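# Topology and contacts: notes
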Amino acid sequence: MAEQRVFPLSCKVQHYAWGKLGSDSEVASLLASSDPLAQIEEDKPYAELWMGTHPRGDAVILDNRIVQKTLGQWIADNPTCLGSKVRDAFQSQLPFLFKVLSVNTALSIQAHPNKELAEKLHAQAPEHYPDANHKPELAIALTPFQGLCGFRPVQEIVEFLQKVPEFRALIGNVAAEQLERSMGDDPHAMASALRICFTSMMKSEKKVFVEQLNQLVKRISQEVATGGDVAASNGELLLQLHTQYPGDIGCFAIYFLNLVKLQPGEAMFLEANEPHAYLNGDCVECMACSDNTVRAGLTPKFIDVLTLCEMLNYTPAPSSAKLFTPVQDRLDPCVFTYNPPVPDFTVMKIEVPASAKPYTVSALDSASILLVVQGEATGPSTASHSEIALRRGVVLFIAANESVSLQLTSSGSLLMFRACCLL
């Protein structure tokens with residue numbers, strides 16, 4: 001049996017254009033704190049930190065007793081480290097990808113496919129859909145965080161149709177009136193009318209939607225200049241998105257999708273086919289190990305409007321329904337567990353007060369990845385008995401059935417996030 005271990009990781013940073021620049025980015029800040037030799041470039045976006053084994057960002061093991069390997073290579077050589085249930089259920093692969101995101105400008109209007117659709121898209125267009133896996137994901141705010149998520153209640157969309165003439169002109173009276181008549185009807189009829197409206201908008205000719213968008217932006221800009229209230233038109237957000245993506249059809253999505261605002265520790269869960277777009281802020285994110293995204297606006301990347309409109313879940317719900325609440329552990333009050341309804345991953349937030357000396361990160365029947373966000377501690381690996389120094393930005397891999405005893409070394413509390421798979 002392969003030796004089970006605990007070791008630090010060097011993780012891949014993605015410099016996507018929408019990321020926060022330099023030290024303003026939580027990703028860059030974590031990197032600088034964990035690695036004194038890291039050189040942060042202030043004019044460069046630091047968008048994502050990937051903690052896992054995905055081929056586009058496989059973490060590298062930082063342990064001088066291991067010939068330099070990626071985490072994916074080491075797990076392939078030591079599959080028992082995953083835990084027997086995880087190993088058997090996921091074909092000896094780590095089933096999740098753990099991330100930190102630092103969002104400066106809006107990400108695309110997007111959704112992630114279920115497994116059946118992912119397999120189909122990957123077979124048809126592997127250059128755009130790089131794997132055959134689904135990608136449910138959980139976002140937990142590290143700083144105040146905003147995103148669009150899920151279709152608004154129909155009543156809210158109808159109010160925008162009545163108060164924003166440019167939006168109604170783009171949808172068309174026939175589709176708009178059908179949605180208005182569907183209010184109070186059965187859920188299937190509302191979802192059907194919503195699908196027609198959204199698809200009508202997304203498939204509009206560029207000349208048409210650009211004309212309506214320009215009119216709307218001009219009108220709202222004039223109202224702002226004269227001190228008018230633009231809340232009824234969602235004007236502030238519209239101008240923000242239009243500044244970032246001028247002339248983009250995705251700007252109109254704000255009238256269909258909920259605006260969700262998260263405070264640190266609050267979370268939202270995005271199932272397959274859930275329309276969404278992150279807008280700004282920093283978060284911890286965990287997902288199935290996939291990089292599949294179907295996009296249709298607010299992006300210079302490949303868009304697939306037809307697929308997106310066909311795949312979406314058109315069930316309307318208020319923004320409050322998108323919040324995902326953690327559960328405090330009954331045995332360890334320091335642990336708050338976010339356990340979404342998918343088998344691939346669970347995330348634990350671990351808040352250890354300064355008075356808790358020592359503290360033990362409990363053993364699980366699953367490999368896990370631990371990220372330190374705040375505080376300092378030291379602790380031996382139970383397998384190797386070598387001391388591991390934990391500080392902000394340090395990422396540890398913890399094999400299944402390994403616990404880690406920590407001794408807090410700073411006067412403040414310790415905040416960590418741990419991704420695992422609880423089958």
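Residues numbered from 1 in each chain as written. Predicted model: local features only at pLDDT ≥ 70, side-chain atom pairs only at ≥ 80, totals over all residues. Heavy atoms only, no water.

As annotated in an unreviewed UniProt entry, the chain is Mannose-6-phosphate isomerase from Ornithorhynchus anatinus. Reading the Function (unreviewed entry) entry of the UniProt record for the chain gives the comment "Isomerase that catalyzes the interconversion of fructose-6-P and mannose-6-P and has a critical role in the supply of D-mannose derivatives required for many eukaryotic glycosylation reactions." For the record of the chain, the UniProt heading Subcellular location (unreviewed entry) holds the text "Cytoplasm". (UniProt positions renumbered as here; feature names shortened; annotations may be inferred.)

Attention shifts here to the overall build of the chain. Along the chain, the regular secondary structure elements total 11 helices and 24 strands. In terms of C-alpha radius of gyration, the chain reaches 23 Å, essentially the compact-globule figure of 22 Å for 423 residues. With the C-alpha coordinates of the chain rotated into their principal frame, the extents come out at 70 × 45 × 40 Å. Looking at the chain as a whole, 56% of its 423 residues qualify as buried. Expressed as a percentage of contacts within the chain between residues at least 6 apart in sequence, the contacts between residues at least 24 apart total 76%. For the chain, the separation between the mean place of its 33 positive charges and that of its 46 negative charges on side chains is 1 Å. (Helix = DSSP H or I, 4+ residues; strand = E, 2+ residues; numbered from the N terminus. Rg over C-alpha atoms; globule rule 2.2 N^0.38 Å. Buried < 20%, exposed > 50% of the residue type's maximum accessible area, 1.4 Å probe, protein only. Contact = heavy atoms within 4.5 Å. Lys, Arg positive; Asp, Glu negative; His and termini not counted. Charge placed at Lys NZ, Arg CZ, Asp CG, Glu CD.)

Let us now look at the domain arrangement of the chain. We note that the domain assignment places domain 1 (154-255) and domain 2 (327-420) within the chain. The straight-line distance from the C-alpha centre of domain 1 to that of domain 2 is 45 Å. (Domains from an automatic or database assignment.)

Moving on to the UniProt feature "binding site: Zn(2+)" (unreviewed entry) in the chain. The UniProt entry lists Q110, H112, E137 and H276 under the feature "binding site: Zn(2+)" (unreviewed entry), expressed in the numbering used here. These annotated residues cover 167 residues of sequence, and their C-alpha atoms all fall within 12.6 Å of one another, placing them together at a single site. In the annotated set above, the residues contributing to the lining of the largest pocket are Q110, H112, E137 and H276. Of note, Q110 is situated in strand β8 (residues 109-111). If near-sequence neighbours (up to four positions away) are discounted, Q110 is found in contact with E274, P275, H276, T293, V294, R295 and L308. Note that E137 resides in strand β9 (residues 137-141). (1 Å grid on protein atoms, 1.4 Å probe; cavity = no way out; pocket = protein on both sides within 12 Å on 5 of 7 lines; lining within 4 Å.)

A word on the side chain of Q110. Using a relative accessible area of 8% as the deciding quantity, one classes Q110 as buried. At 3.0 Å, the side chain of Q110 forms a polar contact with the side chain of S108. (Polar contact = N/O pair within 3.5 Å; in protein donor to acceptor, adjacent residues only side chain to side chain.)

As a further point, take helix α4 (residues 115-124). Buried residues of α4: L117, A118 and L121, and no others. Seen from one end, α4 has its buried residues packed into an arc of 100 degrees, which puts them on one side. Relative to its buried face, α4 has exposed residues pointing more than 90 degrees away, namely E116 and A123. On the buried face of α4, the contacting elements are β14 (294-297) and α11 (305-311). (Arc of directions from axis to C-beta.)

Attention shifts here to the environment of L9. By the secondary structure assignment, L9 is in strand β1 (residues 6-10). A relative accessible area of 6% places L9 in the buried class. The spatial distance from the C-alpha of L9 to the C-alpha of V395 is 5.5 Å, given a sequence separation of 386 residues.

Our next topic: the state of the cysteines. Here the structure, examined in full by the defined rule, presents 0 disulfides. C283 carries a free sulfur, and the closest cysteine sulfur to it, the one in C286, is 11 Å from it. C420 forms no disulfide, and the closest cysteine sulfur to it belongs to C421, at a distance of 7.5 Å. (Disulfide = S-S within 2.5 Å.)

A separate point is the sheet that holds strand β24 (residues 414-420). Spatially, β6-β1-β22-β19-β24-β17-β16-β15 is the arrangement adopted by the 8 strands of the open sheet, whose pairing is antiparallel. Two strands in the sheet have a free side with no partner beyond their single neighbour: β6 (60-61) and β15 (327-328). Relative to β24, strand β17 (residues 346-352) runs antiparallel, the two sharing 7 bridges. When the bridges of β24 are listed, T346 appears paired with C420. (Pairing = 2+ DSSP bridges.)

Our next topic: the layout of surface pockets. Space inside the largest pocket adds up to approximately 560 Å³. Around the largest pocket, the lining comprises 33 residues; the ones closest to its centre are Y16, W18, T293, R295 and K301. Listed by contribution, the elements that provide at least two residues to the lining of the largest pocket are β5 (48-51), β7 (96-103) and β13 (276-288). Residue contributions to the lining of the largest pocket peak at 4 residues, all from β13. In terms of residue class, the lining of the largest pocket is built from 14 nonpolar, 9 polar and 10 charged. (Points joined across faces, edges and corners; volume = space filled by probe spheres on them. Nonpolar A, V, L, I, M, F, W, Y, C, P; charged D, E, K, R; others polar.)

Our focus in this paragraph is the UniProt feature "active site" (unreviewed entry) in the chain. As recorded in UniProt, the feature "active site" (unreviewed entry) lies at R295. Inspection of the secondary structure assignment puts R295 in strand β14. Residue class for R295 comes out buried when judged on its relative accessible area of 17%. Ignoring anything within four residues of it in the chain, the contact list for R295 reads S108, I109, Q110, K301, F302, I303, D304 and V305.

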